[in-house]
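Commentary on secondary and tertiary structure
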There are 2 protein chains.
Amino acid sequence: MNTEITVKSEKIFEGKIVNLRVDTVELENQKYAKREIVEHKSAACILAVNNDKILLVRQYRKAIEEFIYELPAGILNIAEEPQEAALRELEEETGYTAGKIKLIYEFYTSPGFSNEKVYLFEASDLVYKAVNFDEDECIETIEVTKDEAKKMIDTGRITDSKTLIGLLHWLYS
Amino acid sequence: MNTEITVKSEKIFEGKIVNLRVDTVELENQKYAKREIVEHKSAACILAVNNDKILLVRQYRKAIEEFIYELPAGILNIAEEPQEAALRELEEETGYTAGKIKLIYEFYTSPGFSNEKVYLFEASDLVYKAVNFDEDECIETIEVTKDEAKKMIDTGRITDSKTLIGLLHWLYS
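Residues numbered from 1 in each chain as written. Chains lettered and ligands numbered in written order. Predicted model: local features only at pLDDT ≥ 70, side-chain atom pairs only at ≥ 80, totals over all residues.

Regarding the overall build of chain A
Quick reminder of the rule: By definition, any uninterrupted DSSP run of H or I lasting at least four residues is a helix, any uninterrupted run of E lasting at least two residues is a strand, and each is numbered from the N terminus. Exposure is read from a count of other C-beta atoms within 10 Å of each residue's own; the residue is exposed at 12 or fewer, buried at 20 or more and partly exposed in between. C-beta atoms are placed from the backbone. A pair of residues counts as a contact when their C-beta atoms, built from backbone coordinates, are within 7 Å of each other.
Along chain A, the regular secondary structure elements total three helices and 10 strands. In sequence order, chain A lays out its α and β elements as β-β-β-β-β-β-β-α-β-β-β-α-α. Each principal axis of the C-alpha distribution contributes one length, and for chain A these read about 60 × 35 × 30 Å. Within chain A, the proportion of its 173 residues that are buried is 38%. Pairs at least 24 residues apart make up 57% of the contacts formed inside chain A by residues separated by at least 6 positions.

Here we look at the interface of chain A and chain B
Under the convention used in this document: Gly is placed with the polar residues, together with every amino acid not listed as nonpolar (Ala, Val, Leu, Ile, Met, Phe, Trp, Tyr, Cys and Pro) or charged (Asp, Glu, Lys and Arg).
Across the contact, 53 residues belong to chain A and 53 residues belong to chain B. Within the residue set of the side of chain A that touches chain B, elements represented by two or more residues are β1 (5–14), β2 (18–26), β3 (32–40), β5 (53–61), β8 (96–108) and α3 (161–172) of chain A. Among the residues forming the side of chain A that touches chain B, the class breakdown is 25 nonpolar, 13 polar and 15 charged.

Some remarks on helix α1 (residues 82–94) of chain B
Residue and element names in this part refer to chain B. Cut-off, in case you're wondering: Take the number of residues in a helix, subtract one, and multiply by 1.5 Å to get its expected span.
The end-to-end C-alpha distance of α1 is 18 Å, a good match for the 18 Å that 13 residues give at a rise of 1.5 Å each. Taken together, the buried positions of α1 are Ala 85, Ala 86, Leu 87, Glu 89, Leu 90, Glu 93 and Thr 94. In this fold, the buried residues of α1 make contact with β4 (43–50), β5 (53–61), β7 (73–75), β8 (96–108), β9 (117–128) and β10 (140–144).

Some thoughts on the domain arrangement of chain A
The condition that has to hold: Boundaries of every domain are those given by an automatic assignment or by a domain database.
Parsing chain A into structural domains produces domain 1 (5–40) and domain 2 (43–172). One C-alpha centre belongs to domain 1 of chain A, the other to domain 2 of chain A, and the line joining them spans 30 Å.

Section: the pairing of β9 of chain B
Rule in force here: A pair of strands is considered paired only if DSSP assigns at least 2 bridges between the two.
Both β4 of chain B and β9 of chain B contribute to a ladder of six bridges, which runs parallel. Considered in β9 of chain B, the bridge of Ala 48 of chain B is made with Ala 123 of chain B.

Brief notes about the sheet that holds strand β3 (residues 32–40) of chain B
Residues and elements named next belong to chain B. For clarity, the cut-off: Every axis in this analysis is a line fitted to C-alpha atoms, fitted for helices over the stretch in contact. Angles between the N-to-C directions lie between 0 and 180 degrees.
Pairing in this open sheet of three strands is antiparallel, and the strands run β1-β2-β3 from one edge to the other. Strand pairing shows two members of the sheet lacking a second neighbour, β1 (5–14) and β3, which therefore form its edges. On average, each strand axis in the sheet is inclined to that of its neighbour by 20 degrees, with strand direction left out of account. Across eight bridges, the pairing between β1 and strand β2 (residues 18–26) is antiparallel. Across the sheet, Ile 5 pairs through a bridge with Glu 26, a residue of β2.

Side note on unusual backbone geometry
Of all residues except glycine, most have a negative phi; of all peptide bonds, most are trans. In this structure, Asp 125 of chain A is a non-glycine residue whose phi angle is positive, near 55 degrees. By the secondary structure assignment, Asp 125 of chain A is in strand β9 (residues 117–128).

A closer look at the packing of α3 of chain A against helix α3 (residues 161–172) of chain B
For the record, the criterion: Just so you know how the angles are binned, under 35 degrees is roughly parallel, over 145 roughly antiparallel, 65 to 115 roughly perpendicular, and the rest oblique. Each crossing gets its hand from how the near helix is turned against the far one by less than a right angle, where anticlockwise is left-handed and clockwise is right-handed.
Direction vectors running N to C along α3 of chain A and α3 of chain B enclose 25 degrees, while the axes themselves pass 9 Å from each other. Taken together, α3 of chain A and α3 of chain B sit at an angle that is classed as roughly parallel. Judged by the twist between their axes, the crossing of α3 of chain A over α3 of chain B is left-handed. When α3 of chain A is examined against α3 of chain B, the residues Ser 161, Lys 162, Leu 164, Ile 165, Leu 168, His 169 and Tyr 172 of chain A are found in contact with a partner set consisting of Ser 161, Lys 162, Leu 164, Ile 165, Leu 168, His 169 and Tyr 172 of chain B.

Focus: the environment of Ile 139 of chain A
In this fold, Ile 139 of chain A is placed in the loop between β9 and β10 (140–144). On a C-alpha basis, the gap between Ile 139 of chain A and Glu 66 of chain A in space is 13 Å, while along the polypeptide they are 73 residues apart.

A short note on the environment of Leu 47 of chain B
Along the chain, Leu 47 of chain B turns up in strand β4. Taking C-alpha positions, Leu 47 of chain B is 11 Å from Leu 164 of chain B, a pair spaced 117 residues apart along the chain.

Considerations on the relation of the copies chain A and chain B
Two chain copies, one operation linking them: a rotation about an axis together with a shift along it. The criterion, for reference: Least-squares superposition of the copies uses the C-alpha atoms of those residues scoring a pLDDT of at least 70 in each of them.
Each copy superposes on the other: chain A lies on chain B with an RMSD of 0.0 Å after a rotation of 180 degrees and an axial shift of 0.0 Å. Viewed as a symmetry operation, the transformation between the two copies matches a two-fold axis. A shared binding surface is used by both copies, with 100% of the interface residues of chain A retained as interface residues in chain B.

Section: the sheet that holds β3 of chain A
Residues and elements named next belong to chain A. Taken together, the three strands give an open sheet; going across it, the order is β1-β2-β3, and neighbouring strands pair in antiparallel fashion. Each edge of the open sheet is held by one strand with a lone partner, namely β1 and β3. Put simply, the sheet's adjacent strands are angled 20 degrees from each other on average, direction ignored.

What follows is the structure, encoded as structure tokens:
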């Protein structure tokens, strides 16, 4: 099986969060197809365990017009390592710093159309410092036990892919 | 906490797979922000269990320039129910039909910038019919045991979010 050779690449949009391009590719049967591709920076996400509870943040997501619960996460700054970004986002969104941290998964959120990659970390030895919110963010933090997390999943209240991955890992693996 | 009121919405691109728009929103502090939003149709994905093995498909994903293993999945056709789409994609991609199917999770792949929603089903009682590939798809199917799936996850070979969710559910919950 072959890769898809790019024969043309058209830039449609360059934004703050995403770029969009349309590639024309040659398939192995010598046919051509268009690929609409959303370029997105990598992100770091953190499963932070505090006294056997997980920190979740609740925020409004315009793309789906809903408030949802998610693990703390955010886009990597330029030249920032994933682990550094995970710790920074944890502190910005919840006020906690973590003494221990390790990478548990790396995955693409939607490789059919986007290159967004998430580095998911697990952290412990949390210490509360202070909350210094991002200007555009309005975030509420909750802490949930394993029973509460399981119930949130079972009742369909966890609707974010990275959060579902983190909680399934924490609960079961 | 308030929702973000749209004060302006600019359509940037309308494609076959994605649309892109930029909304200007009013935040609760009366500041304004831009939201770059990728509209994507909902998708159905299927965790198909055949003799205690899971069906995975391997295909090239242009957005990440890699071949990866994924659960069979695809975009819902117009007026198609998620379950119908899951069974159709299973048959198109692997040649199997399923006698039993149930919804296990609904989630957004990346709600920070996209409204793409995935309906994840678990299916069993599989019967092999025939493979009728989509024109632009070049797909290879493999069947993996629980030990093999666990090893693929532990060695970082499962890099697709919906597939990680399905396999973690199958292995552990």
